[in-house]
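Geometric and topological summary
Listed here are the chains, written in short residue letters.
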Amino acid sequence: MTIIDIITKKKNNQELTYEEIKFAVLGYINGKVKDYQMSALLMAITINGMTEQETFDLTEIMLHSGEIIDLKNLYPVIDKHSTGGVGDKTTMILAPLVASCGVNVAKMSGRGLGFTGGTIDKLESIGNFNTSISIENFKEQVKKIKVAIVGQMGNLVPADKKIYALRDVTGTVESIPLIASSIMSKKLASGADAIVIDVKVGNGALMKTLKEAQDLANLLVKIGKQHNKKVVCLITDMDEPLGNAIGNSLEVIESINVLKGKGPQDITELVIKLASYMVSLGKNISLDEAEKQVIENLKNGNAYHKFEELIKYQNGNINNIKISDKVITIKSKEEGYIAQINALELGELARILGAGRLNKEDEIDPKVGIILNKKVGDYVKKDEELLKIYIEEKTVDEQQLHDCFKIIKDKVDKNKLIKTIIN
Ligand code: URA
């Protein structure tokens, strides 16, 4: 078997065997398969797709390319994942909220490329917060306080690390089987018993259409079944940013507001739904009963207290969250209803302000970002505030920020946040 035969077979749209996929993936990790050969194979997969069997095999091979965390002593552990989008800060809210309902959440999160940071970058905008702890201490923490959020540790799914970095620079990110195997190999390696996945759809997301999002969700659920793990996918809107805050410290502050029951309506609605599925799976109770507990814990302060406990346990100082004091208000030049907010472009502008990275080595400035004063469906008067930007060294063109909003005369409905649920 040679890598050229494998690339040619996929180029001709034929199904690869388990052995052929293993040869390509393991060969790539150990350097026998070169970057240019793997790039060609990934492009052939992106164009011709993969059968379900090929996707199951790829997931299995990637999963076993490194360490697998054993969380059996903490059974049941419920994980969550989001395919990502602008203003998506749900992990910071969900982890303590679900733990406050009595369910173990052992969460490994990443840093971000593009837009704003990942969950780990966001949490590190809390003074002194420690995101790098040993696997033993991680498990111990979950046992004690039911929740931990840490950066990637151990040698989990090295195949995905290497292949994802290559996909990022070869135009092969948006392949549904590649995305599904990438997500599920990591989730399975992190040891959770059930996983709730927020599959984002819209202009600011990887999946641009509902059909693509449904295909991805169906595949994620099927891979879960193969491994005896319950997977629930919520397909949710990413045509406008989630919540009002974009940027690391600003998103932490908004998360605290949600945990205190004072957050924006859209993100509050989403975390209640996601948390209800996590609690229902973790406690084996009905979704209605789980939702009651989730709402109660947002109201009675338990969710916020769990967040405080989490931050303190990981050495963070919740009173030390810095935001920039250089603030510019962008006012509307017209009057009417907000019909669209370009999430992708706002994310890109937030990145230019310093809230995200273009390259892995770039430093994030936690203090900068954007606060939206209007969302889709709202009415805006001329000269009324559309948004604020929090800046340090870099700024962006005010007209470009204004152009992210499409304002029309006719009344507009709010975006439907939760499109469908697949499990
Ligand atoms: N998120 C992942 O973890 N992998 C992908 O391929 C895309 C999004």
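About the thresholds
Residues numbered from 1 in each chain as written. Predicted model: local features only at pLDDT ≥ 70, side-chain atom pairs only at ≥ 80, totals over all residues. Heavy atoms only, no water. 1 Å grid on protein atoms, 1.4 Å probe; cavity = no way out; pocket = protein on both sides within 12 Å on 5 of 7 lines; lining within 4 Å. Points joined across faces, edges and corners; volume = space filled by probe spheres on them. Helix = DSSP H or I, 4+ residues; strand = E, 2+ residues; numbered from the N terminus. Nonpolar A, V, L, I, M, F, W, Y, C, P; charged D, E, K, R; others polar. Domains from an automatic or database assignment. Contact = heavy atoms within 4.5 Å. Buried area = accessible area lost by both parts, 1.4 Å probe. Pairing = 2+ DSSP bridges. Axes fitted to C-alpha atoms, helices over the stretch in contact; angles between N-to-C directions.

The next subject is the layout of surface pockets. Estimated volume of the second largest pocket: approximately 260 Å³. Around the second largest pocket sit 15 residues that line it, and E240, Q265, D266, K375 and K414 are the ones nearest its centre. Per element, the largest residue contribution to the lining of the second largest pocket is three residues, and it comes from helix α12 (residues 265–283). A per-class count over the lining of the second largest pocket returns five nonpolar, four polar and six charged.

Segmenting the protein into domains produces domain 1 (3–49), domain 2 (72–320) and domain 3 (322–408). Summarising the inter-unit geometry, the C-alpha centres of domain 1 and domain 2 are found 31 Å apart. Domain 1 puts 11 residues into the contact, and the matching count from domain 2 is 11 residues. Both sides together, the interface formed by domain 1 and domain 2 hides about 1,000 Å², and carbon and sulfur atoms give 80% of it.

With respect to the secondary-structure elements, I352 resides in helix α15 (residues 343–355). Distance in space between the C-alpha atoms of I352 and T395 is 7.4 Å, their sequence separation being 43 residues. If near-sequence neighbours (up to four positions away) are discounted, I352 is found in contact with K394, T395 and V396.

In this section: the sheet that holds strand β9 (residues 369–372). Overall, antiparallel pairing links the four strands, which are arranged β6-β9-β11-β7 in an open sheet. Where the open sheet ends on each side, the last strands, each with one partner, are β6 (245–246) and β7 (326–331). Two strands pair when backbone bridges link them, and β9 and strand β11 (residues 385–391) are joined in this way by four bridges, in the antiparallel orientation. The partner of G369 across the bridge, within β11, is Y390. Sheet strands touched by α15: β6, β9 and β11. Its angle to β9, the strand with the most contacts, is close to 140 degrees.

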